[in-house]
Amino acid sequence: VNECIVNNGGCQQHCCNTLGSYYCRCNHGYKLNADGRTCSDIDECQNYNGGCQNKCINYEGGYSCECEPGQRLHTDGLTCIDMVNRCSINNGGCQHICDESHGRTRCRCRPGYVLNLNGRTCEAIDACSRDNGGCSQRCDTVMGRAVCSCLPGFSLERNGKTCVEIDACARDKGGCSHVCQSVNGRAVCSCLSGYQLQRDGKTCE
């Protein structure tokens, strides 16, 4: 007779039929009560802390181990090991800045650089490649920033981008005796009719 066919033999979890009899069995993590039919949870943490190095957490039908902050559970599920800051080893493989969060590393670049597709190396931004960096004349990329400069005879305005021609004649006529003309920021002197420019390029006689 298979007693397990009717009402699971009265067993709470598993009914095992045998020749001329049967018995009840419980799932892993449970124990059979004295009545031989019902099951109750085994508190694995009561015996040797469940084998856990630090904290043992019991739950219905099983248990798990937990570690202190700054540690992680080893693959054996029992012992704890210190979490290594991966950025402390070879800068996490990052060329510039290494950030670590929840055991994962992420590379960042210093200002003026962009992260390459490999996610580790950085490349300087060519700030002058677009619209000459906003400069009216010369543009140089320095640490990823556009630095403007001017050609000879021009000066850079306060906005740091626009170049204006230097008026070499604005002060004391550029040192000319008679006529002064500003050419590329240089004073070019000339004389009135009836006069001749001397070797100094300024005096008229």
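Just so it is clear, the model here is predicted, and its values are computed rather than measured. Just so you know, the residues in each chain are numbered from 1, in the order the chain's sequence is written. Where local features are concerned, this predicted model is filtered to residues with pLDDT of at least 70; where side-chain atom pairs are given and counted, the filter is 80 or more; whole-chain, interface and lining totals use all residues. The basis for every side-chain value is the complete set of heavy atoms in the structure, and neither hydrogens nor water enter the calculation.

### A closer look at the side chain of His178
Put simply, the rule is: In this text, helices come from DSSP runs of H or I with a minimum length of four residues, and strands from runs of E with a minimum of two, each type numbered from the N-terminal end. Pairs of N or O atoms within 3.5 Å make up the polar contacts considered here, provided that, within protein, one atom can donate a hydrogen while the other can accept it, and that residues adjacent in sequence are counted only when both atoms are side-chain atoms. Contact definition: two residues touch when any of their heavy atoms are within 4.5 Å.
Inspection of the secondary structure puts His178 in the loop between β16 (163-165) and β17 (179-183). From its side chain, His178 meets the backbone nitrogen of Leu192 in a polar contact 3.1 Å long. Sequence-distant contacts of His178, defined by excluding residues within four places in its chain, comprise Lys173, Ser190, Cys191, Leu192, Tyr195 and Cys204.

### Here's the deal with the pattern of salt bridges
Our working definition: Within this document, salt bridges are pairs made up of a side-chain nitrogen of Lys or Arg and a carboxyl oxygen of Asp or Glu, the two lying within 4 Å of each other. Throughout, exposure labels follow a simple rule: accessible area from a 1.4 Å probe, protein chains only, divided by the maximum for the residue type, with under 20% read as buried, over 50% as exposed, and the rest as partly exposed.
Inspection of every chain in the model, using the stated rule, returns 2 salt bridges. A salt bridge links Asp99 to Arg106; the shortest N-O distance between them is 3.6 Å. Asp99 is paired through a salt bridge with Arg108; the nearest N and O atoms lie 2.4 Å apart. Taking relative accessible area as the criterion, Asp99 reaches 25% and is therefore assigned partly exposed. One network of salt bridges, with partners in common, ties together Asp99, Arg106 and Arg108.

### A closer look at the pairing of strand β1 (residues 14-18)
For clarity, the threshold we go by: For two strands to count as paired, DSSP must find a minimum of two bridges between them.
Examined bridge by bridge, β1 and strand β2 (residues 21-25) share 5 bridges and lie antiparallel to one another. Bridge pairing in β2 places Asn17 opposite Tyr22. Counting the residues between successive antiparallel strands, the hairpin from β1 to β2 contains 2 residues, one of them, Gly20, with a positive phi of roughly 80°.

### Some details on the environment of Thr75
Considering the arrangement of structural elements, one finds Thr75 in the loop between β7 (71-73) and β8 (80-82). Each C-alpha atom, one on Thr75 and one on Thr162, is 64 Å from the other, the two residues being 87 residues apart in sequence. Looking at Thr75, its side chain comes within polar contact range of the side chain of His74, at 3.2 Å.

### Quick notes on the environment of Gln137
Within the secondary structure, Gln137 is located in the loop between β12 (122-124) and β13 (138-142). Spatially, the C-alpha atoms of Gln137 and Val164 are 9.9 Å apart, while their sequence positions differ by 27 residues. With residues up to four places along the chain from it excluded, the contact list for Gln137 reads Asn132, Ser149, Cys150, Leu151, Phe154 and Cys163. In this structure the side chain of Gln137 is engaged in a polar contact, spanning 2.6 Å, whose partner is the backbone nitrogen of Leu151.

### Let's talk about the state of the cysteines
Quick note on the threshold: The definition used for a disulfide is geometric: two cysteine sulfur atoms within 2.5 Å.
All chains considered together, the criterion is met by 15 disulfides. Across the disulfide, Cys150 is cross-linked to Cys163 (sulfur-sulfur distance 2.0 Å). On the S-S bond that ties Cys150 to Cys163, the torsion sits near -90°, and the link is left-handed. Residue Cys150 is found in the loop between β14 (145-149) and β15 (154-156), and its partner Cys163 is found in strand β16; the two are separated by 13 residues along the sequence. Comparing Cys150 with Cys163, the two get one shared label, buried. A sulfur-sulfur separation of 1.7 Å characterises the disulfide bridge that pairs Cys176 with Cys189. Here the S-S torsion is close to -75°, and the disulfide linking Cys176 with Cys189 is therefore left-handed. Of the two residues, Cys176 is situated in the loop between β16 and β17 and Cys189 in strand β18 (residues 186-190); the sequence distance between them amounts to 13 residues.

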